[in-house]
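Here is what each chain is made of, one letter per residue.
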Amino acid sequence: MKIKGIDLSKNYDDCGLILYDIKKQNVFAGASGPASSALVLCSYILPFIPMCYYMIGASVFILFMSIFLFYKWVHGKYGSEIAFVAALVFGLNAPFSYHFHRHIMFVLYMPFMIWALKSVDLFFEKNKRIPLIFSTALMIFTSYYFSVYGIITIGVYTLYKLLSSKFDFKRLFDVVCSVCVSILIAGKKKKKNVYVLM
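Residues numbered from 1 in each chain as written. Predicted model: local features only at pLDDT ≥ 70, side-chain atom pairs only at ≥ 80, totals over all residues. Heavy atoms only, no water.

Quick look at helix 7 (residues 110–126)
Here is step 1 of the chain: Its 17 residues give helix 7 an end-to-end C-alpha distance of 24 Å, which sits within 8% of 24 Å, the value for a rise of 1.5 Å per residue.
Here is step 2 of the chain: Residues M110, P111, F112, M113, I114, A116, L117, S119, V120, D121, F123 and F124 constitute the buried set of helix 7.
Here is step 3 of the chain: Where helix 7 is buried, its residues contact helix 4 (51–78), helix 5 (80–92), helix 6 (94–102), helix 8 (130–142), helix 9 (147–164) and helix 10 (169–186).
Here is step 4 of the chain: Where helix 7 ends, the next residue or the one after it, N127, has phi of about 60°, a positive value. (Helix = DSSP H or I, 4+ residues; strand = E, 2+ residues; numbered from the N terminus. Expected span 1.5 Å × (residues − 1). Buried < 20%, exposed > 50% of the residue type's maximum accessible area, 1.4 Å probe, protein only. Contact = heavy atoms within 4.5 Å.)

Section: the nonpolar core
Here is step 1 of the chain: One finds F70, W73, F90, F96, M110, I114 and I154 to be the most contacted residues of the largest nonpolar core, which totals 38 residues.
Here is step 2 of the chain: Counting residues per element, the ones that place at least two in this core are helix 3 (38–42), helix 4, helix 5, helix 6, helix 7, helix 8, helix 9 and helix 10.
Here is step 3 of the chain: Residue contributions to this core peak at 11 residues, all from helix 4.
Here is step 4 of the chain: Each residue touching F90, except ones within four places of it in the same chain, is listed here: S66, I67, F70, F96, M110 and I114. (Core = buried A, V, L, I, M, F, W, Y, C linked by side-chain atoms within 4.5 Å.)

Concerning the state of the cysteines
Here is step 1 of the chain: Evaluation of the coordinates by the stated rule reveals zero disulfides.
Here is step 2 of the chain: Here C177 stays unpaired: no disulfide links it, and the sulfur of C180, its closest cysteine neighbor, is 6.3 Å away.
Here is step 3 of the chain: For C177, a relative accessible area of 31% corresponds to the partly exposed category.
Here is step 4 of the chain: Judged by relative accessible area, C180 falls into the partly exposed class, the value being 39%. (Disulfide = S-S within 2.5 Å.)

Re a nonpolar patch on the surface
Here is step 1 of the chain: The grouping of F48, I49, Y53, I56, V60 and F64 at the surface amounts to a nonpolar patch, some 660 Å² of accessible area in total.
Here is step 2 of the chain: Mapped onto the fold, F48 is located in the loop between helix 3 and helix 4.
Here is step 3 of the chain: In this structure F48 comes out as exposed when scored by relative accessible area, which is 63%. (Patch = residues over 30% accessible without salt bridge, like charges linked within 9 Å, V, L, I, M, F, W, Y side chains within 5 Å. Areas by Shrake-Rupley, 256 points an atom, 1.4 Å probe, with all protein chains shown as cover. Salt bridge = Lys/Arg side-chain N within 4 Å of Asp/Glu carboxyl O.)

Description of helix 9
Here is step 1 of the chain: For helix 9, built from 18 residues, the straight-helix expectation of 26 Å at 1.5 Å per residue is met to within 8% by its first-to-last C-alpha distance of 25 Å.
Here is step 2 of the chain: Those residues of helix 9 that fall on the buried side of the exposure criterion are S147, G150, I154, Y157, T158, K161 and L162. Buried residues of helix 9, seen end-on, are gathered within an arc of 140° and therefore sit on one face of the element. Opposite the buried face of helix 9, at more than 90 degrees from it, the exposed residues are V156, L163 and S164.
Here is step 3 of the chain: Those residues of helix 9 hidden inside the fold are in contact with helix 4, helix 7, helix 8 and helix 10. (Arc of directions from axis to C-beta.)

Section: the side chain of S119
Here is step 1 of the chain: Within the fold, S119 resides in helix 7.
Here is step 2 of the chain: Not counting residues within four places of it along the chain, the set of residues in contact with S119 comprises K128, P131, L132 and S135.

Overview of the packing of aromatic side chains
Here is step 1 of the chain: All told, the structure shown has seven aromatic pairs when counted by the stated rule.
Here is step 2 of the chain: An angle of 65° between the planes, with centres 6.1 Å apart, marks the rings of F70 and W73 as edge-to-face. Remark: W73 and F70 occur in helix 4; sequence separation between them is three residues, near one turn of the helix. Taken as a pair, F70 and W73 share a single burial class, namely buried.
Here is step 3 of the chain: Ring centres 5.6 Å apart and planes at 80° place the aromatic pair F123 and F124 in the edge-to-face group.
Here is step 4 of the chain: Judged by its relative accessible area of 0%, F123 falls in the buried class.
Here is step 5 of the chain: Classification of F124 by relative accessible area gives buried; the value is 15%.
Here is step 6 of the chain: An aromatic cluster of three or more residues is present, and its members are F70, W73, F90, Y157 and Y160. (Phe/Tyr/Trp six-rings, centres within 6.5 Å; stacked < 30°, edge-to-face > 60°.)

Digging into the packing of helix 7 against helix 9
Each pair of packed helices gets described by two things: the angle between the helix axes and the distance between those axes.
Here is step 1 of the chain: Where helix 7 contacts helix 9, the axes come no closer than 10 Å and their chain directions differ by 30°. Accordingly, the angle class assigned to the pair helix 7 and helix 9 is roughly parallel. Crossing handedness for the pair helix 7 and helix 9: right-handed. On helix 9, the residues touching M113, A116, L117, V120, D121 and F124 of helix 7 are G150, T153, I154, Y157, T158, K161 and L162.
Here is step 2 of the chain: Taken together, the residues that form the contact of helix 7 with helix 9 break down as eight nonpolar, three polar and two charged. (Axes fitted to C-alpha atoms, helices over the stretch in contact; angles between N-to-C directions. Parallel < 35°, antiparallel > 145°, perpendicular 65-115°, else oblique. Left-handed = near helix turned anticlockwise from the far one by under 90°. Nonpolar A, V, L, I, M, F, W, Y, C, P; charged D, E, K, R; others polar.)

Shown next as structure tokens:
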């Protein structure tokens, strides 16, 4: 906007300037991903906690929640020994822990994606759609950009489940419909008859 001759600095701050301490951290501003996240929206429930401490606590919570959900998901399939080693490798891999430290928006959706994968299993075992709808919608709410890859992961895992048993187009259609309902829940009306993701 400055190039166009409009100065917004008197009324607006960049999201990165609000979320991080720019005197101590080199964040290059531009934190629109975390600022539009539902996790940051929840910080307004706790206005007495400074945003930097809230984001540290939230990222640590999301990290351990992701590892715990991954452990529970693998434990249900392969048992505790394999689940422990898999969760340990999952939690200690460098890109995962690095992004939780530096770029939380890249991994913020992870617990909800793992919950969605567990919900696909639940759908195939007990024909329950609600957990899949809610987990996918929460994945979109927390990271609208990276949730696209989460939805692709759900689709690949669904195809794996269908190909490992008797292929059933009705089940594939039900999963696709559930994910579409999640997208509609997470969408917001921008203009007349045009919906965009949050």
